[in-house]
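Structural description and commentary
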Amino acid sequence: MKRKLSALLAAVLAAGLFVSAAYASSGYQSGDVPIGSSNEVLMVGTVVPSVMSVTMPTYVPFHVSRTIEGDNKVISPRITVTNNSSVPVSLDVVYTSVDLSKLQGAVWGTGPNVAPNEIAIGFQPETLANQMPTTLGRTTWLQANIQDNLSVLSLNAYGSSSMYVVGTLGDDVPENNSFSVIPTFVVRQA
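These figures come from a predicted structure and were not determined experimentally.

Basis of the calculations
- Residues numbered from 1 in each chain as written.
- Predicted model: local features only at pLDDT ≥ 70, side-chain atom pairs only at ≥ 80, totals over all residues.
- Heavy atoms only, no water.
- 1 Å grid on protein atoms, 1.4 Å probe; cavity = no way out; pocket = protein on both sides within 12 Å on 5 of 7 lines; lining within 4 Å.
- Points joined across faces, edges and corners; volume = space filled by probe spheres on them.
- Helix = DSSP H or I, 4+ residues; strand = E, 2+ residues; numbered from the N terminus.
- Nonpolar A, V, L, I, M, F, W, Y, C, P; charged D, E, K, R; others polar.
- Pairing = 2+ DSSP bridges.
- Axes fitted to C-alpha atoms, helices over the stretch in contact; angles between N-to-C directions.
- Phe/Tyr/Trp six-rings, centres within 6.5 Å; stacked < 30°, edge-to-face > 60°.
- Buried < 20%, exposed > 50% of the residue type's maximum accessible area, 1.4 Å probe, protein only.

Quick notes on the layout of surface pockets
If you add up the space inside the largest pocket, you get close to 620 Å³. Contributing to the lining of the largest pocket are 30 residues, with Val60, Pro61, Phe62, Phe179 and Val181 lying nearest its centre. At the level of elements, strand S2 (63–64), strand S7 (118–125), strand S10 (160–169) and strand S11 (180–189) are the ones that each hand at least two residues to the lining of the largest pocket. Counting residues per element, the lining of the largest pocket draws most heavily on S11, at five residues. The class makeup of the residues in the lining of the largest pocket is 23 nonpolar, six polar and one charged.

Written out as structure tokens, the structure reads:
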């Protein structure tokens, strides 16, 4: 009798395991409720990148001279900035280190109108393809040796834009020496 009961119990247990395994392999769990005829739900999400990437030169030489025609007295190469991110970004300057120690008597100005002993430098977005600006309109002027938040360029997702270094100098600023301007750029989601 014990053998028959054990065999019956084993058969019931095996049948129970078989049924529960078949139910589990169908993909349903005990609390699942099928929705619609296809049992599929479309879910749409938005991924916001945590990393923004912008490509731009790390060194930009420029030449300043009163003999250059027009209001802009600076010659610089075209500075192309490329947004490698899937979101629009803004390129801002948060600090500009300026060293005028080799330009005797010169001080930093905020442009476009400078005193005889002042020099002012800034960035201007390109308005005509591959042409250096001759005017100083639309210039973002750099502030010397202070914390700042100057918006220089806005870039669409995967877009690029160009700008130039522009500037002016007063009549008493010597032209026979060099000086350094080092802006610190920050990229922010626009």
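There is more to say after this.
Some thoughts on the sheet that holds strand S9 (residues 147–155)
Consider a sheet: its strands pair through backbone hydrogen bonds, and that pairing is either parallel or antiparallel. Reading across from one edge, S9-S5-S11 is the order of the three strands in this open sheet, with antiparallel pairing throughout. Edge strands, defined here as strands with exactly one partner in the open sheet, are S9 and S11. Averaged over all pairs of adjacent strands, the angle between strand axes in this sheet comes to 30°, irrespective of strand direction. As defined by bridge partners, strand S5 (residues 89–99) adjoins S11 across ten bridges and the pair is classed as antiparallel. Each residue of the ladder has a partner; that of Val89, found in S11, is Gln189.

Thoughts on the packing of aromatic side chains
One pair of aromatic rings is described through two measures. These are the centre distance and the angle between the planes. All told, the structure shown has two aromatic pairs when counted by the stated rule. On the numbers, 5.9 Å between centres and 70° between planes, the contact of Phe62 with Phe179 is edge-to-face. With a gap of 117 residues between them, Phe62 in the loop between strand S1 (54–55) and S2 and Phe179 in the loop between S10 and S11 connect regions that are remote in the sequence. On the numbers, 5.6 Å between centres and 55° between planes, the contact of Phe123 with Phe185 is tilted. Of this pair, Phe123 sits in strand S7 while Phe185 sits in strand S11; the two residues are 62 residues apart in sequence, bridging distant segments of the chain. A relative accessible area of 7% means that Phe123 is categorised as buried. Given the relative accessible area of 26%, Phe185 is considered partly exposed.

What to know about the pairing of strand S4 (residues 79–83)
What you see with S4 is a clean split: Ile79, Val81 and Asn83 sit on the buried side and Thr80 and Thr82 on the side with no burial. Alignment of S1 against S4, held across two bridges, turns out to be antiparallel. Across the sheet, Val54 pairs through a bridge with Asn83, a residue of S4. Judged from the four bridges that link them, S4 and S10 form a sheet pairing that is antiparallel. Across the sheet, residue Thr80 finds its bridge partner in S10, namely Ser162.

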